[in-house]
Amino acid sequence: MPKPSDQELESFMEYLLHSPKGRMGRVGDSVRGRCPTSEHEDANPSFSFKKDMDAWACSCGGGKGSELRARLNWT
């Protein structure tokens, strides 16, 4: 799967920032806050997405950005 364009990654970061769970913030080319997945409550924010790596990490897991986008049904 080809790496998404910079514009696609920026759009995804905006999507994360407006996640229904809220409490997300941008720090440079990263988004941090509460996990956006539906199966993780994340009372203590542990989620981060890094644009330059197109990868995410959380106390519930982590991996490629493409996997997270699929998990969130983001198009």
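Anything mentioned here points back to the structure above.
This text gives an overview of the structure that appears in the document. (Residues numbered from 1 in each chain as written. Predicted model: local features only at pLDDT ≥ 70, side-chain atom pairs only at ≥ 80, totals over all residues. Heavy atoms only, no water.)

1. Digging into the overall build of the protein
Then comes step 1: A count of helical and extended segments in the protein gives 2 helices and 5 strands.
Then comes step 2: Walking the protein from its N terminus toward its C terminus, one meets helices and strands in the order α-β-β-β-β-β-α.
Then comes step 3: Computed over the C-alpha atoms, the radius of gyration of the protein is 11 Å, within 12% of the 11 Å expected from 2.2 N^0.38 for a compact globule of 75 residues.
Then comes step 4: Along the three orthogonal principal directions, the C-alpha set of the protein runs to about 35 × 20 × 20 Å.
Then comes step 5: A total of 75 residues make up the protein; the buried ones form 39% of that total.
Then comes step 6: Expressed as a percentage of contacts within the protein between residues at least 6 apart in sequence, the contacts between residues at least 24 apart total 26%.
Then comes step 7: About 4600 Å² of surface is accessible on the protein, with carbon and sulfur atoms providing 50% of the total. (Helix = DSSP H or I, 4+ residues; strand = E, 2+ residues; numbered from the N terminus. Rg over C-alpha atoms; globule rule 2.2 N^0.38 Å. Buried < 20%, exposed > 50% of the residue type's maximum accessible area, 1.4 Å probe, protein only. Contact = heavy atoms within 4.5 Å. Areas by Shrake-Rupley, 256 points an atom, 1.4 Å probe, with all protein chains shown as cover.)

2. Focus on the pairing of strand β1 (residues 24-27)
Then comes step 1: Relative to strand β2 (residues 30-33), β1 runs antiparallel, the two being bridged by 4 bridges. Note on β2: the bridge partner recorded for V27 is S30.
Then comes step 2: Two successive antiparallel strands, β1 and β2, enclose a turn made up of 2 residues, where G28 displays a positive phi of approximately 60 degrees. (Pairing = 2+ DSSP bridges.)

3. Considerations on unusual backbone geometry
Then comes step 1: Residues other than glycine seldom take positive phi values, yet D42 does so here, at roughly 50 degrees.
Then comes step 2: Position of D42 relative to the elements: it lies in the loop between β2 and β3 (47-50).
Then comes step 3: Despite not being glycine, N73 shows a phi value in the positive range, around 55 degrees.
Then comes step 4: With respect to the helices and strands, N73 occurs in the segment after α2 (65-71).

4. Some details on the side chain of R69
Then comes step 1: Considering the arrangement of structural elements, one finds R69 in helix α2.
Then comes step 2: Taking the relative accessible area as the measure of exposure, R69 reaches 9% and is therefore buried.
Then comes step 3: Not counting the four nearest positions on each side in its chain, R69 is found in contact with P4, L9, F12, F49, D54 and W74.

5. Topic: the sheet that holds β2
Hydrogen bonds between backbone atoms are what pair the strands of a sheet, whose relative direction is either parallel or antiparallel.
Then comes step 1: Strand order in the open sheet formed by 5 strands is β1-β2-β3-β4-β5, with antiparallel pairing between adjacent strands. Looking at strand neighbours, the two that pair on one side only are β1 and β5 (61-64), the edges of this open sheet. Across this sheet, the average inter-strand angle for adjacent strands is 15 degrees, counted without regard to direction.
Then comes step 2: Pairing of strand β4 (residues 55-58) with β5 involves 4 bridges; the strand directions are antiparallel. From the neighbouring strand, C58 faces β5, where its bridge partner is G61. (Axes fitted to C-alpha atoms, helices over the stretch in contact; angles between N-to-C directions.)

6. Quick word on the nonpolar core
Then comes step 1: Counting 14 residues, the largest nonpolar core has F12, L16, V31, F47, F49, W56 and L68 as its most contacted members.
Then comes step 2: If you list the elements that add at least two residues to this core, you get α1 (6-17), β3 and β4. (Core = buried A, V, L, I, M, F, W, Y, C linked by side-chain atoms within 4.5 Å.)

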